[in-house]
Structure formats: C-alpha cells, structure tokens
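Structural description and commentary
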Amino acid sequence: MNENNQEETIGKELDTTKMPGHWLLARLGKRVLRPGGRELTQQMLNGLGIQSSDEVVEFAPGLGFTTQLTLSQNPASYIAVERDEDAANAVRRYLSGDNQTCLIGRAEETGLPDANATVVYGEAMLTMQTPGKKQQIVQEAFRLMKPSGRYGIHELCLVPDDLDEDKKQEIQKALTDAIHVGARPLTISEWRALLECEGFTIQSEAITPMHLLEPKRLIQDEGFGGALRFVGNVLRDNEARNRVKTMRKVFQTYEENLAAIMLVGIKNDHSSEQ
C-alpha cells in the first residue's frame, strides 16, 4: 500500500492532461518505465557485471526499479542522482546504510568527486535531452569513473541508421506532443558515436522493439496482476485513458522506426586524466 501511495505522489501538482508521460504511467501503477522493458534493463546490468567491489552511480533512477536490481548485487557503494524530490523519496525506500544514498541533483553536473566510481548507468533519460546536454551527461559519467570503469545506457532509438532527416523530426515531434517531454532519440550508430566520442569503447549492445504499452510487454514487465491493475486504473480515469491511448497510437504509428537500445562502454584508460 505504501508503494502505491508513493506512486500517487509523482507529479501530484500537475494536471493529468499536461504531466510528463512517464509520470502519468507511474501514477497509473506502471513500475517499469524503460523503453526496452525489464529484459533490456537486465541485459544492461549483465553487461555492467556489478559485483560487491563496485562503486555505483545511477543517473535519474525514477521509481527505483533498477536500483533494486543493482542493490541485490551488494555493491560496495551506491549513489543515485535524481532531479525530482518525489522520485528521490521513492528510491530512498530501497536504501539502507551509509554507503547507499540518493542525492537531489543533475546528471550533467553531479558535484561528485572525479574518478570515484567503477560503474555509472542511466536509463530513459538521455533521450529527453538536447544534443549538448546529452554530451555533457556522458562527459560527466566519464569524469566520475575510474579507468576501465563501465558505463551503461538504455534509451529509445530510431531505426534504420539511414532514416531520413525529415522523418526523424516528424517522429520527434509526434513523441514530444504525446508524452509532453522533449524526445530526441538517436539512431543506433549515433548512440554508439555519442559514447565513443567521449572516450568509451563499446563492449556490449542489444536492441529490442519499443513495445512499452503493448499487452505482451506489459505482462512481461509488470506481471499479470500488475498489468491488470494498470489497465484497470487506465479504464477508470478518462483523462488518463485518453493520454495513454495517444501515446500508444504514436508508438504504433512509428513502430517500424522505434526501438530500444542498450549499450555498455568501457572507459579508455589512455583517454582520461589529461
């Protein structure tokens, strides 16, 4: 019950018709809010290989779904950096001990010390940033990491790589209008280049369809009971139902050009301390 109450506080001051799509879904009971779902998150974590010796930083943990998976590996330390106070409070429910904390801050300027983390990751947050801000966040991840540290991302991507520029802009506008947050997904090669240009060598990669609101994915991510609860909440709220239908229609309209990507990069030893 406490968990449901936490969800209801997300974006509580915002009108249902105006609030960001991911917070609306959270309010309706959706716990897995990543474009590639639980499966791609798990693949990212597998690529990161978090162990008890690792010092982990997570950017924009949201409601803490991945936080729980990370903490189950008992890392030496865990720091989350979250802009939203309500989301930070949701994450803090899962934290215990002096070596686990959730700070209010920005991923592009965390204020954390240089070369102090062995693992940094963030999901479904770079997509929402401008090109310049994307670069700043990746640079910040690089700064925070020790040599040979691992950086993981899980984001929305556009396919194929040679997608027409006009089509890209059309999709970005449709997504932004539907979710009420600026959405700027990149192609697979553009995501790879973003990491490589900032000093990372790609170690692992996975792509999956962007089926966030499709029945099969809902059941995979939320479980049968959780999926039923989410659908029931949607059906009981007319304004929320209209928003969810709009989001799902956009996802389906551009299904052939939308996917989810996971990348894990290794910090190049030679490119760091200049």
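Preceding this paragraph is the structure being described.
Residues numbered from 1 in each chain as written. Predicted model: local features only at pLDDT ≥ 70, side-chain atom pairs only at ≥ 80, totals over all residues. Heavy atoms only, no water.

**A word on the nonpolar core**
Using the following cut-off: Throughout this description, the term nonpolar core refers to a set of buried Ala, Val, Leu, Ile, Met, Phe, Trp, Tyr and Cys residues connected via side-chain atoms within 4.5 Å. Here the term buried applies to any residue with accessible area under 20% of the maximum for its type, exposed to any over 50%, and partly exposed to those in between, with areas from a 1.4 Å probe on protein chains only. Here a strand is any run of E in DSSP of at least two residues, a helix any run of H or I of at least four, and the numbering for each starts at the N terminus. Here, residues are in contact when the closest pair of their heavy atoms is within 4.5 Å.
Counting residues in each nonpolar core, the largest one holds 34 residues, and the members touching the most others are L25, L175, L213, V244, M247, F251 and L258. Counting residues per element, the ones that place at least two in this core are helix 2 (21-27), helix 5 (85-92), strand 5 (145-158), helix 7 (165-179), helix 9 (215-236) and helix 10 (238-253). Among residues more than four places away in sequence, those in contact with L25 are K30, L33, L212, L213, F230, V244 and M247. Ranked by size, the runner-up nonpolar core spans 29 residues in total, among them F59, V81, V138 and I261.

**Focus on the pattern of salt bridges**
The line we're drawing: Whenever a carboxyl oxygen of Asp or Glu lies within 4 Å of a side-chain nitrogen of Lys or Arg, that contact is scored as a salt bridge.
All chains considered together, the criterion is met by 18 salt bridges. Between R34 and E123 there is a salt bridge; the shortest N-O distance is 3.2 Å. Placement of the pair is R34 in the loop between helix 2 and helix 3 (37-48) and E123 in strand 4 (residues 117-123), with a sequence separation of 89 residues. For R34, a relative accessible area of 9% gives the class buried. Between E170 and K167 there is a salt bridge, with its nearest N and O atoms 3.8 Å apart. Of this pair, E170 and K167 both sit in helix 7, three residues apart, which is roughly one turn of the helix. For E170, a relative accessible area of 38% gives the class partly exposed.

**Brief notes about the pairing of strand 5**
On a regular strand, one side chain projects to one face of the sheet and the next to the other, so that they alternate. Put simply, the rule reads: Two strands form a pair only when DSSP identifies at least two bridges running between them. Here the term right-handed applies to a crossover when the path leading from its first strand over the helix to its second strand runs clockwise, the strands being oriented away from the viewer.
Here strand 5 lies mainly inside the structure; 11 of its 14 residues are buried. Note: strand 4 against strand 5, six bridges, orientation parallel. By the bridge assignment, G122 is partnered in strand 5 with I153. Running through helix 6 (residues 131-144), the crossover from strand 4 to the neighbouring parallel element strand 5 is right-handed. Relative to strand 8 (residues 258-267), strand 5 runs antiparallel, the two sharing nine bridges. Residue pairing in the sheet places L158 in a bridge with L258 of strand 8.

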